[in-house]
Amino acid sequence: MDMEYVKYLMQDVPPVKENGKKKYVFRAEYVYRSLFCKDVYFRDEQEYRIVLSDDEITEGTHYPVKLSEDIKVIAIEDLLN
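1. A look at the overall build of the protein chain
Inference 1: When its secondary structure is counted, the protein chain shows three helices and two strands.
Inference 2: Start at the N end of the protein chain and walk to the C end: the helices and strands fall as α-β-β-α-α.
Inference 3: Its C-alpha atoms give the protein chain a radius of gyration of 17 Å, more than 25% over the compact-globule value 12 Å for 81 residues.
Inference 4: Reported as C-alpha extents along the three principal axes, the dimensions of the protein chain are approximately 55 × 30 × 20 Å.
Inference 5: Residues counted as buried form 10% of the 81 residues belonging to the protein chain.
Inference 6: Looking at the protein chain alone, contacts between residues at least 24 apart form 31% of all its contacts between residues at least 6 apart.
Inference 7: Side-chain charges in the protein chain split into 12 positive and 17 negative, and the spacing between the mean points of these groups amounts to 10 Å.

Laid out in structure tokens, this is it:
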């Protein structure tokens, strides 16, 4: 990530100078920005992004998704189970 991307993600909280260096803070209420905004390095990546706004994930979680030509809408409860 370049610094401009980091500044964009953390734009709601001004940086603080500590020991002659700028410290950027990223607050949880703005996490959506990092989830839906990609760095240009990943511009050719194709992916699905899902936000579970009521769940706090503290470790890596695997949600298997089978891709096919048929598209089906399912309830979030079914996805999580």
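2. Things to note about the confidence of the model for the protein chain
Inference 1: The share of residues in the protein chain with pLDDT of 70 or more is 95%, and the mean pLDDT across the chain is 78.
Inference 2: Within the protein chain, helix H2 (residues 31–36) has the poorest average pLDDT of any element, 76, and strand S1 (residues 16–18) the best, 90.

3. Structural notes on the pattern of salt bridges
Inference 1: Applying the stated criterion across every chain, the model contains one salt bridge.
Inference 2: Here Glu18 makes a salt bridge to Lys23, at a shortest N to O gap of 3.8 Å.
Inference 3: Judged by relative accessible area, Glu18 falls into the partly exposed class, the value being 37%.

4. Here's the deal with a nonpolar patch on the surface
Inference 1: Taken together, Phe26, Val31, Tyr32, Leu35, Phe36 and Val51 make up a surface patch of nonpolar side chains, about 500 Å² in accessible area.
Inference 2: Mapped onto the elements of the fold, Leu35 is located in helix H2.
Inference 3: In this structure Leu35 comes out as partly exposed when scored by relative accessible area, which is 36%.

5. Some details on unusual backbone geometry
Inference 1: The backbone of Asn19 shows a phi angle near 55°, a positive value even though the residue is not glycine.
Inference 2: Along the chain, Asn19 falls in the loop between S1 and strand S2 (21–23).
Inference 3: A relative accessible area of 81% places Asn19 in the exposed class.

6. Regarding the environment of Asn81
Inference 1: Mapped onto the elements of the fold, Asn81 is located in the segment after helix H3 (76–80).
Inference 2: Taking relative accessible area as the criterion, Asn81 reaches 81% and is therefore assigned exposed.
Inference 3: Separated by 18 residues in sequence, Asn81 and Tyr63 have C-alpha atoms that sit 9.3 Å apart.

Basis of the calculations
Residues numbered from 1 in each chain as written. Predicted model: local features only at pLDDT ≥ 70, side-chain atom pairs only at ≥ 80, totals over all residues. Heavy atoms only, no water. Helix = DSSP H or I, 4+ residues; strand = E, 2+ residues; numbered from the N terminus. Rg over C-alpha atoms; globule rule 2.2 N^0.38 Å. Buried < 20%, exposed > 50% of the residue type's maximum accessible area, 1.4 Å probe, protein only. Contact = heavy atoms within 4.5 Å. Lys, Arg positive; Asp, Glu negative; His and termini not counted. Charge placed at Lys NZ, Arg CZ, Asp CG, Glu CD. pLDDT = per-residue confidence, 0-100. Salt bridge = Lys/Arg side-chain N within 4 Å of Asp/Glu carboxyl O. Patch = residues over 30% accessible without salt bridge, like charges linked within 9 Å, V, L, I, M, F, W, Y side chains within 5 Å. Areas by Shrake-Rupley, 256 points an atom, 1.4 Å probe, with all protein chains shown as cover.

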